[in-house]
Amino acid sequence: MTSGKASAPAKIILFGEHFVVYGNPAILASINRRITVAAHTIKDNKIVIESDIGAAGEYSNSGFNPIKGGKDAREILDPLYSAIRQILAARNQKIGIKIDVVSKVPHGLGLGSSAASCVAMAAAVDSLFDRPDRQKVCEWAIESERMIHNNSSGADCYVSTFGGLIHYSKSKGFKKMKSKSPLSMVIASTGVRHSTGDLVASVKKFKDKNEILFSDLAKQASDICTQAMAAISSGNKEKMGKLLSENQALLRQIGVSHEKADDLIDICNGAGALGAKITGAGGGGAVIALAASKQDSKKIAAKIKARGYDSFEVEIDQAGLIV
Ligand code: MEV
């Protein structure tokens, strides 16, 4: 094939972020916002990547040449280039490729934009040679994401590849879950972009300094996940909301919340949310709130906007990677 295309969804983490890096379980869902990657073979033996988030550059025998986005372009493009290199090596190919990335996922807010772009990239490039195998795509994407933060649990790439609501742990992989009733959720943005790598490193520092406290918090996070599984499958939204708030209290203790996230959580709860917490790495980023109904989620989203923050209602994506 001379061209291939794939798209992969963003994600939210309902329960267990950060603790999942240390083997704890987490519950995640892919959401209805996607990143699409188109790959075309070209005559020149180089890799040209252009992303609509303002970064473009080319990789050739003489190294990296930024086209758009200056020095920062490299930070965004290197993980994507790594996914391409892995596939070309696995397929024993030496060809030139032009890549176009189109993102409908806000970047740097904890919604899994890096994972989704690595997943879509791996699948689009592999589709130039054969029908991509999802498990393999996920492994390539995790490997590439480790360039962004080398302690990645892999959770974001799993949920982006396989889609839906999943229970994930590093040792057991993922299990698809079903919610008895539809989940009406709102995402609110603090507008503060973060580096997942820096936040994961700051949690590691906290853990190294406070081993006993951290293992107690991890145990509580794991219990919350177990209770959340039961609440989700029985459709007990009040309980789910309560557990979201309990999870947030743990995240605050390990230092990954943010004053704007705390403000947003108060706004969501004041507007009738059943519970709210940061989602993903934290340090700003985004907050998720669970609403009792679709109508309530509209009210919550409107209240957030009225207070000057960005927000949108969100649905769970069931498809995951689409090639
Ligand atoms: C980032 O979306 C989620 C973290 O738990 C890191 C990871 O799982 O690799 C903070």
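From a predicted model like this one, the values you see are computed outputs, not experimental measurements.

Participant: In this structure, what is going on with the domain arrangement of the protein? I would like to understand it.
Facilitator: The accessible area lost on association of the parts is a frequent measure of interface size. Each domain of the protein was delimited in the assignment, giving domain 1 (3-177) and domain 2 (184-315). The partner domain 2 presents 43 residues to the 32 residues of domain 1 that form the contact. Taken together, both faces of the contact between domain 1 and domain 2 bury some 3000 Å²; the carbon and sulfur share is 72%. The interface formed by domain 1 and domain 2 includes one salt bridge. Residue Lys-277 is joined to Glu-17 by a salt bridge in which the shortest nitrogen-to-oxygen separation is 2.8 Å. For the pair domain 1 and domain 2, the interface holds 12 residue pairs in polar contact (both at pLDDT 80 or more). Elements represented by at least two residues in the side of domain 1 that touches domain 2 include exactly β1 (3-15), β2 (26-42), β7 (165-169) and β8 (173-177). Of the residues assigned to the side of domain 1 that touches domain 2, the class counts are 17 nonpolar, 11 polar and four charged.

Participant: Could you clarify how one ought to interpret the side chain of Asp-126 in this entry?
Facilitator: You can see Asp-126 is positioned in helix α2 (residues 113-126). Residue classification places Asp-126 among the buried residues on the basis of a relative accessible area of 2%. Once residues lying within four places of it in the same chain are set aside, the contact partners of Asp-126 are Ile-87, Arg-91, Pro-132, Asp-133 and Trp-140.

Participant: Looking at this structure, how should I read the environment of Ile-148?
Facilitator: One can find Ile-148 in the loop between α3 (134-145) and α4 (155-162). A relative accessible area of 34% places Ile-148 in the partly exposed class. Distance in space between the C-alpha atoms of Ile-148 and Ile-76 is 8.7 Å, their sequence separation being 72 residues. Filtering out sequence-adjacent residues up to four positions away, Ile-148 remains in contact with Pro-79, Ser-114 and Gly-197.

Participant: Sorry if this is basic, but what is going on with the site of the ligand here?
Facilitator: As a matter of local geometry, the ligand sits amid 13 residues, with Lys-11, His-18, His-149, Ser-153 and Asp-156 nearest to it. In this structure, an oxygen atom belonging to the ligand sits 2.8 Å away from a side-chain N or O atom of Asp-156. According to the grid-proximity analysis, the pocket containing the ligand is the largest pocket. Residues that form the shell around the ligand fall into these classes: five nonpolar, five polar and three charged. For the shell around the ligand, the two domains that each supply at least three residues are domain 1 (3-177) and domain 2 (184-315).

Participant: How do you make sense of the pattern of salt bridges when you look at a structure like this?
Facilitator: As a working rule, side chains carrying opposite charge can pair if their charged atoms are close by. Applying the stated criterion to the full structure yields 20 salt bridges. Residue Arg-91 pairs with Asp-126 through a salt bridge whose shortest N-O separation is 2.8 Å. Of this pair, Arg-91 sits in the loop between α1 (70-90) and β6 (96-103) while Asp-126 sits in helix α2, placing them 35 residues apart in sequence. Taking the shortest distance from any N to any O, the salt bridge between Arg-307 and Asp-263 comes out at 3.9 Å. Taken as a pair, Arg-307 in the loop between α9 (294-306) and β12 (310-314) and Asp-263 in helix α8 (residues 259-270) lie far apart in primary sequence, 44 residues in all. Look at Arg-307 and you get exposed, because its relative accessible area is 52%. Judged by its relative accessible area of 28%, Asp-263 is partly exposed. Where salt bridges share partners, they join Lys-294, Lys-298, Glu-313 and Glu-315 into one cluster.

The rules behind these values
- Residues numbered from 1 in each chain as written.
- Predicted model: local features only at pLDDT ≥ 70, side-chain atom pairs only at ≥ 80, totals over all residues.
- Heavy atoms only, no water.
- Domains from an automatic or database assignment.
- Contact = heavy atoms within 4.5 Å.
- Buried area = accessible area lost by both parts, 1.4 Å probe.
- Salt bridge = Lys/Arg side-chain N within 4 Å of Asp/Glu carboxyl O.
- Polar contact = N/O pair within 3.5 Å; in protein donor to acceptor, adjacent residues only side chain to side chain.
- Helix = DSSP H or I, 4+ residues; strand = E, 2+ residues; numbered from the N terminus.
- Nonpolar A, V, L, I, M, F, W, Y, C, P; charged D, E, K, R; others polar.
- Buried < 20%, exposed > 50% of the residue type's maximum accessible area, 1.4 Å probe, protein only.
- Near = heavy atom within 4 Å.
- 1 Å grid on protein atoms, 1.4 Å probe; cavity = no way out; pocket = protein on both sides within 12 Å on 5 of 7 lines; lining within 4 Å.
- Sits in = over half its atoms within 2 Å of the grid points.

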